[in-house]
Amino acid sequence: MNKNFLQIFLLILVISIVAINTTQTKKTIGDDENILNTEIEDLISPLCSGISFSELKDLTIKDIKLIDIKIPNSANWYRNFYNAYLYSTEKGNYINDVFKEDFNAVVNVFYSNQKECSYKAEVRINGDLKDHLDINNLIASLDVKLEEGNIFGIIRFKLLIPETRRSDEEIFATTILKHLGFLSPRTFYVDGSLNGNSSHTFIFQEKLAKEMLEHNGYREGPILETNEEYVWNDEGESFYRRDDLFDKPAIEIGRIINTRWANSTKENQIISLEALEAFNKSLFQTINNKQLNNEMLGLDVEHIYMFEAANRALVANHNVAINHNRQLFYNKLSNEFVPAYYDGNPEFFENLPREDSDYLNIQFLSEGARKVLEIPIDINKLTNELNMKGLTLSKDEVSDYINLFNSNLDIVKSYKSDTKIKHPSFNEQKNNRRETNMQLLFYNFDSENAYVCNQYLDNCKDIEVDQNINLFNKKILLEGLATHLFGSDKERIINPNSTFSADKLYESTNVDNFIVRNYNKVDTIFDSANKTLTFNIEKKDQKILITSEQTLTNWSFIVKNTYNKENLNSRSDRNLLTGCLTFYNVELQNVNIYSDSSHCEDGVNLINTKGAISYLEVINSLNDGLDIDSSNVYIEKVYINNAGNDCLDLSYGNYELENLELINCKDKGASIGESSEAKINKISISETETGLAVKDSSSVIVNRFYGKDVGTCVQLYRKKQEFGPSRLKVANYSCKSENVNYIQKGSEYEED
């Protein structure tokens, strides 16, 4: 009996020891247990009441059965809808902005797997003309902004009555432009209903916004469009656009769409105004309102002519031959303007390209068509995507359409002109637009000096501007007059020899097959024998950027920082750089990178980079150690020690990391987010607040995980609205922490 008692006692003891060890290595808590949101500062609620990672990953746009929009104040909505129809049909000829007020709504998304997601939103009537109002079915084209949640990463979108965008042709045009590498919105058919009434087919189209830029691999920057204030409101409070009463076209000026980003830092304000001034130059130094003066947008505008050629081949002239439909993104990292597709009204299935006899620089458009013809198109991939979006076509039909598209490009390529006419200067054309009583504002964000001028820029005066005013608003009132931010210096607008030149604070040097951008004269040591570049940073605003169109092989880069550290005013500078050393748009092979004592937001930053890195070391960073964005890289060994924030940040990419050693990270050892996929063979984390954080629709596999002296070993959660739950799969897990792991509802954690 004593023997049996001893055996039972030993069994209980063993079980107890195992249980104790288990609680040390696998401590997990979810939303249904007691955890304060303040413990994770950037935590937001689970997507769609906790939809799981697996459920969401299996869904596609084709799985959306219905989007129903419920407007609580439905009486006012339908009253507004009826008045919009009345005035645009019987008392006017367009939909006045007074009918485009926002209404609170709830957007319900029903999926084929029986899942239903409900999000608070704001909706309004969308469109310029009355075809966006269907009085028979009591539906309208809608502009929707989700206040919570997302639909496949999209927050801002339009639900368009298909006929307003030429139905199938809009799906085809936006899809092929995306395949060609142009900035084009995700666009597909969807069934929708309003207030639970009968459903109708709509075109779902995302709007040009932060989410669309980042989905396409860009860092957010100024988004511009033409301000239509004077295009549609020719008669004051009238509901008529009466172009026939005027012998001159309306004045067109640029504006910033993403004003929140523009105003978030002084650096962003300066970048945005730089972009806005250049766009206004292109609008005001052009021969007519059907074409931009592209040369005012930079020295290398080949990609703009390629975009215009592709749109003309799709007979989507409404996008590129009407200036008030233009939308552009200013990519400060490359100092170039990127055109975006918007409202092309394509006639590709019925008509051939139309040549504009007064199009200047036709040879550049022709060359653009030739360049587009060189871009390969994957017929199978394109066919599958079109069918996914609700445009049912066979592979042979898609192939026929591609042949037609190429034939149209050949037509555009054949365009020729003998005209010697050039785009006029500002003074040569300033009297060619209708007169208004508005003011144009010139402002310097450094000195805060301001002056206003009339539209002819010949009657100007200094003015004081309230610092609380959002200068990037569509329209502001100064001294009782409608005023529009126009630029920082009117002389750059007036000077006929002034073309756009970015505020360059760097010198470019060709080394081997790559380019080194040296910002503010960083001391550089070039060792050609050992293929090593050493940069000695001594000032706050000094940085280095490496870029190349070819593969960079067998080089080593060393950054030493002797600058007296202090906290930065903002994450990025006037060049939109966050790293002391940045690799941008480059392929790397067998490269070594070292950074010591960085004062920047990131010690090292990789953007749109691919390839393989042999060794990467970052020590003593004031803020983040290594930040990799929108990239596809393999790194054999990463060693990061002593980072003032995160040691490693990965976002929007595919990453394979062989060996990670992360020590003394003030916040997170590794933070992986924004739809990233990562495979980590071995990760060792110590003396860190949070070991591994997997966030925002990311998927991570770790083969060996070792953690010591960490606050929390693992966190899986949602940080940003446009993303959802994440997944982490770990093998050979050994981590001791003060706190339990946190796995938010919907995210998935698996330990082998």
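Residues numbered from 1 in each chain as written. Predicted model: local features only at pLDDT ≥ 70, side-chain atom pairs only at ≥ 80, totals over all residues. Heavy atoms only, no water.

A. Focus on the pairing of strand β36 (residues 727-730). Residues L728 and V730 line the buried face of β36, whereas the alternating positions R727 and K729 sit on a face that is not buried. As paired elements, strand β35 (residues 699-717) and β36 share four bridges and run parallel to each other. Note that in β36 the partner of S699 across the bridge is R727. Note: β36 against strand β39 (residues 748-751), four bridges, orientation parallel. In the strand pairing of β39, L728 is matched with Y749. (Buried < 20%, exposed > 50% of the residue type's maximum accessible area, 1.4 Å probe, protein only. Helix = DSSP H or I, 4+ residues; strand = E, 2+ residues; numbered from the N terminus. Pairing = 2+ DSSP bridges.)

B. The arrangement of the layout of surface pockets in detail. For the second largest pocket, the calculated volume is near 1,600 Å³. If you list the elements that add at least two residues to the lining of the second largest pocket, you get α2 (53-57), α4 (168-179), α5 (210-215), α12 (379-388) and β28 (602-621). Residues of the lining of the second largest pocket, tallied by class, amount to 14 nonpolar, 22 polar and twelve charged. (1 Å grid on protein atoms, 1.4 Å probe; cavity = no way out; pocket = protein on both sides within 12 Å on 5 of 7 lines; lining within 4 Å. Points joined across faces, edges and corners; volume = space filled by probe spheres on them. Nonpolar A, V, L, I, M, F, W, Y, C, P; charged D, E, K, R; others polar.)

C. Spatial organisation of the side chain of S597. Examined against the element boundaries, S597 turns out to sit in the loop between β27 (579-596) and β28. Given a relative accessible area of 17%, S597 falls into the buried group. Once residues within four sequence positions are removed from consideration, S597 is found in contact with N561, K565, I619 and N620. (Contact = heavy atoms within 4.5 Å.)

D. Layout of the state of the cysteines. The full count for this structure, using the stated rule, is five disulfides. Covalently, C48 is tied to C117 through a disulfide, its sulfur atoms 2.0 Å apart. For the disulfide bridge between C48 and C117, the dihedral angle about the S-S bond is near -90°, and by the sign convention the bridge is left-handed. In this pair, C48 is assigned in the loop between β1 (28-29) and α2 and C117 in strand β4 (residues 116-125), connecting sequence segments 69 residues apart. (Disulfide = S-S within 2.5 Å.)

E. The arrangement of the packing of aromatic side chains in detail. Summed over the entire model, instances satisfying the criterion amount to 30 aromatic pairs. Geometrically, the ring pair formed by Y330 and F337 is stacked, given 4.7 Å between the ring centres and 25° between the ring planes. Here F337 falls in the buried class, since its relative accessible area comes to 0%. Joined through ring pairs, the aromatic side chains of F284, F426, F442, Y451 and F486 make up one cluster. (Phe/Tyr/Trp six-rings, centres within 6.5 Å; stacked < 30°, edge-to-face > 60°.)

F. Seen up close, the packing of helix α9 (residues 302-313) against helix α11 (residues 362-373). The interhelical angle for the contact between α9 and α11, taken along N-to-C directions, is 80°, at an axis separation of 7 Å. In this view, α9 runs roughly perpendicular relative to α11, as classed from their interaxial angle. Two secondary-structure elements touch here, α9 through E302, Y305, M306, E308, A309, A310 and R312 and α11 through F364, L365, G368, A369, K371 and V372. Residue classes in the contact of α9 with α11 are distributed as eight nonpolar, one polar and four charged. (Axes fitted to C-alpha atoms, helices over the stretch in contact; angles between N-to-C directions. Parallel < 35°, antiparallel > 145°, perpendicular 65-115°, else oblique.)

G. View of a negative patch on the surface. Where like charges cluster on the molecular surface, the negative patch consists of E687, E689, D709 and E738. Secondary-structure assignment places E687 in strand β34 (residues 677-695). (Patch = residues over 30% accessible without salt bridge, like charges linked within 9 Å, V, L, I, M, F, W, Y side chains within 5 Å. Areas by Shrake-Rupley, 256 points an atom, 1.4 Å probe, with all protein chains shown as cover. Salt bridge = Lys/Arg side-chain N within 4 Å of Asp/Glu carboxyl O. Lys, Arg positive; Asp, Glu negative; His and termini not counted. Charge placed at Lys NZ, Arg CZ, Asp CG, Glu CD.)

H. Representation of the side chain of Q744. Tracing the sequence through the fold places Q744 in the loop between β38 (741-743) and β39. A polar contact is formed between the side chain of Q744 and the backbone oxygen of I44, at a distance of 2.7 Å. (Polar contact = N/O pair within 3.5 Å; in protein donor to acceptor, adjacent residues only side chain to side chain.)

I. Summary view of the sheet that holds strand β19 (residues 481-487). On the basis of which strands lie adjacent, the open sheet formed by five strands has the order β17-β16-β15-β19-β18 and mixed pairing. Taken across any chain shown, the strands that pair with only one partner, and hence form the sheet edges, are β17 (460-462) and β18 (476-478). Between one strand axis and the next, the sheet turns through 40° on average, direction left out of account. Where strand β15 (residues 439-443) lies against β19, four bridges are found, and the strand directions are parallel. Counted as the bridge partner of L441 is L485 from β19. Relative to the sheet, helix α8 (residues 266-284) contacts β15 and β19, its axis offset from that of β19 by approximately 100°.

J. Highlighting the pattern of salt bridges. What the rule picks out here adds up to 38 salt bridges. Its salt-bridge partner being K430, residue D458 comes within 3.7 Å of it at the nearest N-O pair. Here the residue D458 occupies a position in the loop between β16 (450-453) and β17, and K430 occupies one in the loop between α14 (426-429) and β15, the gap between them amounting to 28 residues. The network of salt bridges with common partners includes D97, K100, D128 and K474.

K. Spotlight on the sheet that holds strand β13 (residues 327-331). A sheet is described by the order of its strands in space; here four strands give the open sequence β12-β11-β13-β14, paired in antiparallel fashion. Looking at the sheet topology across the chains shown, the edges are occupied by β12 (253-256) and β14 (336-339). Each strand of the sheet is rotated relative to its neighbour by a mean of 35°, with strand direction disregarded. In this structure, strand β11 (residues 223-227) lies alongside β13, joined through three bridges in antiparallel fashion. Looking across to β13, one finds that I223 is bridged to F329.

L. Structural detail: the environment of F583. Tracing the sequence through the fold places F583 in strand β27. Taking relative accessible area as the criterion, F583 reaches 0% and is therefore assigned buried. Beyond its immediate chain neighbours, meaning those up to four positions away, F583 contacts I546, F557, L588, I593, N605, L606, I607 and T609.

M. Just the confidence of the model for the protein, in detail. Scored by pLDDT, the protein has a mean of 91; 92% of the residues are at 70 or more. Contacts from residues 5-28, a stretch scored under 50 in pLDDT, to residues over four places away or in other chains number 19 contacts. With pLDDT under 50 throughout, residues 31-38 is counted as low confidence; its partners more than four residues away or in other chains account for eleven contacts. (pLDDT = per-residue confidence, 0-100.)

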